[in-house]
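Here are the chains, one letter per residue:
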Amino acid sequence: MRIGVLTGGGDCPGLNAVIRAIVRKGVQDHGHDFIGFRDGWRGPLHGSAVPLGIPAVRGILPRGGTILGSSRTNPFKEPDGVRRITENLAEHGVDALIAIGGEDTLGVAARIGGEYGVRCVGVPKTIDNDLSATDYTFGFDTAVNIATEAIDRLHTTAESHMRVLVVEVMGRHAGWIALHSGLAGGANVILVPEVRFDVDEVCGWVTSRFRASYAPIVVVAEGAMPQDGDLVLKNAATPLDSFGHVRLSGVGEWLAKEIESRTGKEARTTVLGHVQRGGTPSAFDRWLATRFGLHAISAVQDGAFGAMVALRGADIVRVPLGDATARLKTVPLALYEEAKTFFG
């Protein structure tokens, strides 16, 4: 078979490990031929592709990002997008397509497979860990480790100057990075998109921390919202991407100003941004991404199209792509209540 591979959405540590595993097992065990489509769904949309053989994937296991490039292209928003994709796949002799991505990328794969007959297998990728059909997505562990290290370092500055430090982490709809890194880093307040926050209550926790002669660290997910407002954006005029998402960031700076004005304590903001998704993947993410790649090629070999590989406990299983993208996995209230033990 000739199998296409693409990586869509935001870049993520571990993408190259998936590509490597797919090609190594596919060539060595089954004799398949591989072609990599450039820049997510833009590749098959425009017929932009490169050959993928074992020499092309040597040495990429520890590399961050993706050797294939990525984008947030939505072919359903392009003129004749699906027709152009199916024609380009046929022109390149592609028998099956492995799509590696998050909710948007896999949502396209599910629809293009279910409605138009493109034979797709999905691999879950997102640092947000918000795909409901899998226990973990690769990239999440690396992002949490990076955020935790940053929080560890910021503690010393906060205590040296006795100021509030607000750390803004990624998390559009799900606060997994904020929750995990906040707990691991000893933050005094953690704010997630799933639970609207009261600024006065946050200020109360901050003041309580100062009374104990310690400087507070506030970790806030970029999608967290105050009780009496909407998303706080640095630039509300920023256009939406092709999947209808606004570019987030701004709540950290806004919150720091609110805390400073209400408490009289100096407050500064650190926005980790793309630092969280760049660089070398953690050992766990290399392990998980490699296993996902191995099982993705097995799914293609078995003709299990319309499926996504997923982690359940210690096992890699197959789930319908439609189920994988039907709803987001958000932080349960019970887990958030556990974390509140350490607030203030």
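Preceding block: the structure.
The notes below deal with the structure included here. (Residues numbered from 1 in each chain as written. Predicted model: local features only at pLDDT ≥ 70, side-chain atom pairs only at ≥ 80, totals over all residues. Heavy atoms only, no water.)

### Thoughts on the overall build of the protein chain
As a reminder, the rule being used: Working definition: helices are DSSP H or I runs of at least four residues, strands are E runs of at least two. Numbering for both runs from the N terminus. The globule rule is 2.2 Å times the number of residues to the power 0.38, and the radius of gyration it is compared with is taken over C-alpha atoms. Only protein chains enter the accessibility calculation, which uses a 1.4 Å probe. A residue is then buried if its area is under 20% of the maximum for its type, exposed if over 50%, and partly exposed in between. In what follows, residue pairs with any heavy atoms lying within 4.5 Å of each other are defined as contacts.
Of the regular secondary structure elements, the protein chain holds twelve helices and eleven strands. Radius of gyration (C-alpha) of the protein chain: 21 Å, near the 20 Å computed for a compact globule of 344 residues. Referenced to the eigenvectors of the C-alpha coordinate spread, the extents of the protein chain come out at roughly 65 × 40 × 30 Å. Per-residue burial over the protein chain gives 53% buried out of 344 residues. Pairs at least 24 apart in sequence give 76% of the contacts found in the protein chain among residues at least 6 apart.

### Notes on the pattern of salt bridges
To keep things clear, this is the line we draw: Throughout this description, the term salt bridge denotes a Lys or Arg side-chain nitrogen within 4 Å of a carboxyl oxygen of Asp or Glu.
For the structure shown, the criterion picks out 13 salt bridges. As a salt-bridge pair, Asp-33 and Arg-2 come within 2.7 Å of each other at their nearest N and O atoms. Highlighted residues: Asp-33 in strand S2 (residues 33–37) and Arg-2 in strand S1 (residues 2–7), separated in sequence by 31 residues. For Arg-2, a relative accessible area of 25% translates into the label partly exposed. Through salt bridges that share partners, Asp-80, Arg-83 and Glu-87 make up one connected network.

### Focus on the sheet that holds strand S6 (residues 164–169)
Under the convention used in this document: At least two bridges found by DSSP between two strands is the condition for calling them paired. For helices, the axis comes from a line fit to the C-alpha atoms of the stretch in contact; other axes are also lines fit to C-alpha atoms, and the angle between any two N-to-C directions lies between 0 and 180 degrees.
What the four strands build is an open sheet, ordered S7-S8-S6-S9; its pairing is parallel. The two strands at the open ends of the sheet, each matched to only one other strand, are strand S7 (189–191) and strand S9 (267–271). Strand-to-strand twist of the sheet, defined as the mean angle between neighbouring strand axes without regard to direction, takes the value 20°. Relative to S6, helix H9 (residues 251–263) is tilted by about 160°, and along the sheet it contacts S6, S7, strand S8 (217–221) and S9.

### A look at the side chain of Asp-285
Definition in use: Neither His nor the chain ends is counted toward charge; the positive residues are Lys and Arg and the negative residues Asp and Glu. Here a polar contact is taken to be a pair of N or O atoms separated by no more than 3.5 Å, where protein atoms must pair a possible hydrogen donor with a possible acceptor and residues adjacent in sequence count only if both atoms sit in side chains.
Among the secondary structure elements, Asp-285 is positioned in helix H10 (residues 283–301). Here Asp-285 is buried and forms no salt bridge, its nearest opposite-charge partner Arg-286 lying at an N-O distance of 8.5 Å. A polar contact of 2.5 Å, which involves the side chain of Asp-285, links it to the side chain of Thr-142.

### Points about helix H7 (residues 176–184)
Of all the positions in H7, only Trp-176, Ile-177, Ala-178, Leu-179, Ser-181 and Gly-182 are classed as buried. Once H7 ends, the next one or two residues include Gly-186, with phi positive near 70°.

### A look at the packing of aromatic side chains
Heads up, the condition is: Any pair of Phe, Tyr and Trp rings, taking the six-membered ring for Trp, is counted once the centres come within 6.5 Å. Such a pair is stacked with planes under 30 degrees apart, edge-to-face with planes over 60 apart, and tilted for the rest. Working rule: Lys NZ or Arg CZ, within 6 Å of ring centre, within 35 degrees of ring normal, means a charge sits over the ring.
Enumeration according to the criterion identifies eight aromatic pairs in this entry. Look at Phe-76 and Tyr-116: their rings are 6.3 Å apart centre to centre, the planes differ by 40°, and that puts the pair in the tilted class. In this pair, Phe-76 is assigned in the loop between helix H3 (54–57) and helix H4 (81–91) and Tyr-116 in helix H5 (residues 103–116), connecting sequence segments 40 residues apart. Judged by relative accessible area, which is 22%, Phe-76 ranks as partly exposed. In this structure Tyr-116 comes out as partly exposed when scored by relative accessible area, which is 42%. An aromatic cluster is present here, built from Tyr-136, Phe-140, Phe-284 and Trp-287 joined pairwise through their rings. Directly above the aromatic system of Phe-76 lies the positively charged group of Arg-111, at a separation of 3.8 Å from the ring centroid. One cation-aromatic arrangement involves Lys-265 over Phe-210; the distance from NZ or CZ to the ring centre is 4.8 Å.

### Notes on the pairing of strand S4 (residues 96–101)
Selection rule: The crossover handedness rule: strands pointing away from the viewer, path from first strand over the helix to second strand clockwise, crossover right-handed.
Summarising burial for S4: six of the six residues are buried, a large majority. Neither face of S4 is open: one carries Ala-96, Ile-98 and Ile-100, the other Leu-97, Ala-99 and Gly-101, and all of them are buried. Bridge count for S1 against S4 is five bridges, and the pairing is parallel. Among the inter-strand pairings, Leu-6 is bridged to a residue of S4, identified as Ala-99. Bridge analysis of S4 against strand S5 (residues 120–124) gives five bridges, and the strand direction is parallel. Bridge assignment links Gly-101 to a residue of S5, and that residue is Pro-124. Each parallel crossover has a hand, and the one from S4 via H5 to S5 is right-handed.

### Some remarks on the sheet that holds strand S11 (residues 315–320)
Strands sit in the order S3-S2-S1-S4-S5-S10-S11 across an open sheet of seven strands; the sheet is mixed. Where the open sheet ends on each side, the last strands, each with one partner, are strand S3 (49–52) and S11. Averaged over all pairs of adjacent strands, the angle between strand axes in this sheet comes to 30°, irrespective of strand direction. In this fold H5 packs onto S1, S4, S5 and strand S10 (307–312), with an angle of close to 155° to the strand it touches most, S4.

### Points about H5
We count it as follows: Here the expected span of a helix is defined as 1.5 Å times the quantity of residues minus one.
The first and last C-alpha atoms of H5 sit 19 Å apart over 14 residues, in line with the 20 Å expected at 1.5 Å per residue. Residues of H5 that are buried in the fold lie against S1, H4, S4, S5, S10 and helix H11 (321–324). At the C-terminal side of H5, Gly-117 shows a positive phi close to 80°.

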